[in-house]
Amino acid sequence: MAENRAPHIGIALSTSCLFPLGVPETFSTAADLGYDSIEVMVTGNAISQEPDDLRDLIQKYQIPISAIHAPTLLLTQQVWGRAWNKMQMAAKMTKAVGADVIVAHPPFRWQRLYAKNFVHGVREISEQESVKIAVENMYPWSAGGASVQMYSPGWDPTEFDYQWMTWDFSHAAAAGVDSLEYVKKIGNRLGHVHLTDGSGTKVLDEHLRPGYGTQPVAQTLEYLAQQQWNGVVCAEVSTRGARGAVERDEWLYETLQFARRHLGLV
């Protein structure tokens, strides 16, 4: 258990946790369970793309948005057009709703021009728009038993000169790396955390509840509290296997309590 209390570390709920439900349902659930803020994943859902609608939800539920997840996933390639436009739009939305950070995946390897200038481009937009763009750790994919590099310049953000990074425990499990070791390596470049877990036996992002996989999630949160890290830990767990809304909320409350306990907030 962490000895130092860390009231400066907020705990957010990602809209992805309630998929296929939308942003309003996430706000309502966060308010009911006691989360501090929301991370909005921009998708094809209209509300997730509209700052005015998001501000209305902030006002209604009195819960801030702490992060915007840019539509850089495989399934959101058609949202907001070309790659750099996605980042520019995400930056403008982040400022419009008062969020602190943009979560972005690295380019896919077929996005050659985007990937070629990605590290520099991210820093440039971050400085121009005065927003924090935190590039997320990913993992190698597998095809026919062989490892396939799907991301360029690479899935491991620690190998590149990013100013900020997002650390995801589920992705770490899929990549077969130790989160505590990597978070220590990232140091003061850690801009955001996705609270989840993974078994380490599947080459995919399982997004298990923390404590249900093999990653040292508890130890990593305790380390961040001891370091007086200033950021947001965002629950990004899959609840699609829950048997109804009651069990889903139980899982999300359990995740919130896990974070509070290991961050020394209770």
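Attention here is on the structure that accompanies the text. (Residues numbered from 1 in each chain as written. Predicted model: local features only at pLDDT ≥ 70, side-chain atom pairs only at ≥ 80, totals over all residues. Heavy atoms only, no water.)

A word on the sheet that holds strand 9 (residues 190–195)
Next, step 1: Pairing in this closed barrel of eight strands is parallel, and the strands run 1-2-3-4-5-8-9-10 around the ring. Strand-to-strand, the axes of this sheet are offset by a mean angle of 30°, without reference to chain direction.
Next, step 2: Bridge analysis of strand 9 against strand 10 (residues 232–235) gives three bridges, and the strand direction is parallel. In the strand pairing of strand 10, H194 is matched with C234.
Next, step 3: The strands that helix 7 (residues 179–186) touches are strand 8 (164–168) and strand 9; relative to strand 8, the one it contacts most, it runs at about 170°.
Next, step 4: Helix 9 (residues 245–262) rests against strand 1 (10–14), strand 9 and strand 10 of the sheet, and its axis sits at about 155° to strand 1. (Pairing = 2+ DSSP bridges. Helix = DSSP H or I, 4+ residues; strand = E, 2+ residues; numbered from the N terminus. Axes fitted to C-alpha atoms, helices over the stretch in contact; angles between N-to-C directions. Contact = heavy atoms within 4.5 Å.)

Looking at the packing of aromatic side chains
Next, step 1: For the structure on display, the rule yields ten aromatic pairs.
Next, step 2: Between W141 and Y151, the aromatic rings sit 6.3 Å apart at their centres with planes inclined by 80°, giving edge-to-face as the arrangement. One end of the pair, W141, is in strand 6 (residues 141–143); the other, Y151, is in the loop between strand 7 (146–148) and strand 8, with ten residues separating them in the sequence.
Next, step 3: Members of the aromatic cluster, connected to one another through ring pairs, are W84, Y114, F118, F160 and Y162.
Next, step 4: One residue, R209, lies across the ring of Y212, its end atom 4.1 Å from the ring centre. (Phe/Tyr/Trp six-rings, centres within 6.5 Å; stacked < 30°, edge-to-face > 60°. Lys NZ or Arg CZ within 6 Å of the ring centre and 35° of its normal.)

A word on the pairing of strand 4 (residues 101–104)
Next, step 1: Alternating positions in strand 4 separate into two faces, V101 and V103 on one and I102 and A104 on the other, with burial throughout.
Next, step 2: Inspection of the sheet shows strand 3 (residues 65–69) paired to strand 4 by three bridges, in the parallel sense. Bridged to H69 within strand 4 is V103.
Next, step 3: For the handedness criterion, the β-α-β arrangement of strand 3, helix 3 (residues 83–97) and strand 4 is classed as right-handed. (Buried < 20%, exposed > 50% of the residue type's maximum accessible area, 1.4 Å probe, protein only. Right-handed = clockwise from strand over helix to strand, strands pointing away.)

Section: the packing of helix 7 against helix 8 (residues 217–226)
Next, step 1: Packing of helix 7 against helix 8 leaves a shortest axis separation of 9 Å and a crossing angle of 25°. Taken together, the axis directions place helix 7 and helix 8 in an arrangement best described as roughly parallel. Every pair of crossing elements has a handedness; the one defined by helix 7 and helix 8 is right-handed. Contact residues: helix 7 offers S179, L180, V183 and K184, while helix 8 offers Q219, T220, Y223 and L224.
Next, step 2: Here the contact of helix 7 with helix 8 is composed, by residue class, of four nonpolar, three polar and one charged. (Parallel < 35°, antiparallel > 145°, perpendicular 65-115°, else oblique. Left-handed = near helix turned anticlockwise from the far one by under 90°. Nonpolar A, V, L, I, M, F, W, Y, C, P; charged D, E, K, R; others polar.)

So, a nonpolar patch on the surface
Next, step 1: A surface patch of nonpolar side chains, about 390 Å² in accessible area, is lined by L74, L75 and W110.
Next, step 2: As for its position among the elements, W110 is in the loop between strand 4 and helix 4 (112–116).
Next, step 3: Judged by its relative accessible area of 48%, W110 falls in the partly exposed class. (Patch = residues over 30% accessible without salt bridge, like charges linked within 9 Å, V, L, I, M, F, W, Y side chains within 5 Å. Areas by Shrake-Rupley, 256 points an atom, 1.4 Å probe, with all protein chains shown as cover. Salt bridge = Lys/Arg side-chain N within 4 Å of Asp/Glu carboxyl O.)

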